[in-house]
Amino acid sequence: MNNVKAYHQIDANNEHVSFAVSKMEDVYRLRNGRVDEPHRHDFFTVLIIESAKGVHKIDFNSYVLDNLQIYFVSPGQVHQLVEDESSKGYVFTFSEQFLIENSIHLSFIESLNLFHDYGKSPPLIPNEIQYKKLAFYADEVFKLYNGDSNMKELSIGAFLKLFLIECNNVCEMTPVDLNFDISENRIISEFKKEVNIAYLTEHSTSYYANKLYITPDHLNRVVKNAIGKTAKEYIQSRLITEAKRLLYFSKLSTKEIAFELGFHEPANFSTFFKKHTEVSPSNFKNKEKNVH
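Everything in this summary refers to the structure shown in the same document. (Residues numbered from 1 in each chain as written. Predicted model: local features only at pLDDT ≥ 70, side-chain atom pairs only at ≥ 80, totals over all residues. Heavy atoms only, no water.)

## With respect to the overall build of the protein
Let me state the cut-off plainly: Helix numbers and strand numbers start at the N terminus; a helix is a DSSP run of H or I with at least 4 residues, a strand a run of E with at least 2. C-alpha atoms define the radius of gyration in this analysis, and the globule rule sets the expected value at 2.2 Å times the number of residues to the power 0.38. We call a residue buried when its accessible area falls under 20% of the maximum for its residue type, exposed when it is over 50%, and partly exposed in between, using a 1.4 Å probe and counting protein chains only. Note on definitions: a residue-residue contact is assigned when non-hydrogen atoms from the two residues lie within 4.5 Å. Using a 1.4 Å probe, accessible areas were evaluated by the Shrake-Rupley method; residue-level cover was limited to the displayed protein chains. Positive charges are assigned to Lys and Arg, negative charges to Asp and Glu, while His and the chain termini are left out of the count. Where a charge lies is defined by one atom per residue type, namely NZ (Lys), CZ (Arg), CG (Asp) and CD (Glu).
Scanning the protein from N- to C-terminus turns up 12 helices and nine strands. For 292 residues, the compact-globule estimate of 2.2 N^0.38 gives 19 Å, and the C-alpha radius of gyration of the protein, at 20 Å, lies within 12% of that figure. Dimensions of the protein, computed from the C-alpha atoms along their principal axes, are close to 60 × 45 × 35 Å. The 292 residues of the protein split such that 50% are buried. Taking contacts inside the protein between residues at least 6 apart in sequence as the whole, the part at least 24 apart equals 73%. Surface accessibility of the protein: about 15200 Å² in total, with carbon and sulfur atoms responsible for 49%. Here the protein contributes 33 positively and 38 negatively charged side chains, and the mean placements of these two sets differ by 5 Å.

## Quick notes on the packing of aromatic side chains
We apply this condition: For Phe, Tyr and Trp, rings pair up if their centres lie within 6.5 Å, where Trp contributes its six-membered ring, and each pair is then called stacked (planes under 30 degrees apart), edge-to-face (over 60) or tilted (otherwise).
Under the definition given, this model contains 23 aromatic pairs. Here the aromatic rings of Y90 and F142 are separated by 5.3 Å at their centres, their planes lie at 40°, and the arrangement is tilted. With Y90 in strand β9 (residues 88–94) and F142 in helix α4 (residues 128–145), this pair connects stretches of sequence that are 52 residues apart. Across this residue pair, the class does not change: Y90 and F142 are buried. Residues F263 and F272 carry aromatic rings whose centres are separated by 5.3 Å and whose planes lie at 45° to one another, so their mutual orientation is tilted. The two residues F263 and F272 agree in class, both being buried. Ring pairs connect the aromatic residues F60, Y248, F249, F263, F269, F272, F273 and F284, which therefore count as one cluster.

## Some remarks on the pattern of salt bridges
Basically, it comes down to this: Whenever a carboxyl oxygen of Asp or Glu lies within 4 Å of a side-chain nitrogen of Lys or Arg, that contact is scored as a salt bridge.
Under the defined criterion, the tally for this structure stands at 10 salt bridges. Residue D59 pairs with R245 through a salt bridge whose shortest N-O separation is 3.0 Å. Of the two residues, D59 sits in the loop between β5 (54–58) and β6 (61–65) while R245 sits in helix α9 (residues 231–249), which places them 186 residues apart along the sequence. Each member of the pair, D59 as well as R245, is classed as buried.

## What to know about the sheet that holds strand β2 (residues 19–23)
Applicable threshold: DSSP bridges decide pairing: two strands pair if at least two such bridges lie between them. The axes are straight lines fitted to the C-alpha atoms, using for helices just the contacting stretch, and the angles between their N-to-C directions are given from 0 to 180°.
Spatially, β2-β9-β4-β7 is the arrangement adopted by the four strands of the open sheet, whose pairing is antiparallel. Each edge of the open sheet is held by one strand with a lone partner, namely β2 and β7 (69–73). Strand-to-strand twist in this sheet, taken as the mean axis angle between neighbours without regard to direction, amounts to 10°. Direction of pairing for β2 relative to β9: antiparallel, over a ladder of five bridges. The partner of K23 across the bridge, within β9, is Y90. The strands touched by α4 within the sheet are β2, β4 (44–51), β7 and β9, with β2 carrying the most contacts at an inclination of about 115°. Contacts from helix α5 (residues 152–170) reach β2, β4, β7 and β9 within the one sheet, and its direction differs from that of β7 by about 110°.

## Regarding the packing of α4 against α5
What counts here: An angle below 35 degrees is read as roughly parallel, one above 145 as roughly antiparallel, one from 65 to 115 as roughly perpendicular, and any other as oblique. It is the rotation of the near helix from the far one that decides the hand of a crossing: anticlockwise by less than a right angle makes it left-handed, clockwise makes it right-handed. By the convention adopted, Pro, Cys, Tyr, Trp, Phe, Met, Ile, Leu, Val and Ala count as nonpolar, Lys, Arg, Asp and Glu as charged, and the other residues, Gly among them, as polar.
Contact geometry of α4 with α5 gives a least axis separation of 9 Å together with a crossing angle of 165°. Regarding the angle of α4 to α5, the classification is roughly antiparallel. For the element pair α4 and α5, the recorded crossing hand is left-handed. Two secondary-structure elements touch here, α4 through Q130, K133, L134, F136, Y137, E140, V141, L144 and Y145 and α5 through K152, S155, I156, F159, L160, L162, F163, E166, C167 and V170. For the contact of α4 with α5, a count of residues per class yields 13 nonpolar, two polar and four charged.

## Here's the deal with helix α11 (residues 266–277)
As a reminder, the rule being used: Residue count minus one, scaled by 1.5 Å, sets the expected span of a helix.
Taking 1.5 Å of rise per residue, 12 residues should cover 16 Å, and α11 covers 16 Å from first to last C-alpha, within 8% of that figure. Just beyond α11, the residue with positive phi is E278, at close to 70°.

## Let's talk about the sheet that holds strand β3 (residues 39–41)
Across the sheet, which stays open at both edges, the five strands sit in the order β1-β3-β8-β5-β6 with mixed pairing between neighbours. Two strands close off the open sheet at either side, each with one partner strand: β1 (5–7) and β6. For this sheet the average axis-to-axis angle between neighbouring strands, irrespective of direction, equals 30°. Taken together, the three bridges between β1 and β3 define a ladder with parallel strand orientation. Directly across from K5, in β3, lies its bridge partner H39.

In structure tokens:
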């Protein structure tokens, strides 16, 4: 999948930068209004949109840009912002290293109902009062980032954590429990890590449960409680997302993609893909090429 553009550093000129914030209108101006091609990051991205018109595509799901929206893009997700005009708002980008340096555990991020690795990633839509509070935190982060105050990074980290907690409180799903069970979050973290390692060959919940020394039922309960889908559904989302990426960005045939994703028979892959997307692999590929 070497055709997809990838950003490995937050700052191309400084590999040690682990956090950045920009105004969306400044980014638009720097690009002279040109639409960026679909790309992925090795870091977290948050779009805090006050006003916008256009479309935001995340892993082939399209969302209409509108006023008062918050988008969360996880590392590895392919996305593209198509703006009809200059948007107004902020873009946060931060790495796992930034979280570590500011004592924000990755398990905290994973316990939120905000960042979705695979599948649909719709925007958070706060009301005006909620957005005003979130915008206050974003403004403070921007001022801190462009200032030279003492303990600048720690201050940014504190406001970022407050911002994320407030976003999670706006979310309609079960709010994050700040006293979350560390053992369950360890399960989620290890499960996601194991899926990323083995999803090309292992598609069963029991395989990952065995790797974590727990029962499949326990794994399903923990994953369902944390991210709103079962372990099996998460694995399937991972496969479907990768299938879409390979169909669009690679030159592999459907048969080759089927084998790449661990399907012994191409027909089984086609049936699986159509069941979850309602289109065949070839129709999906043709449709996306025509759209772009």
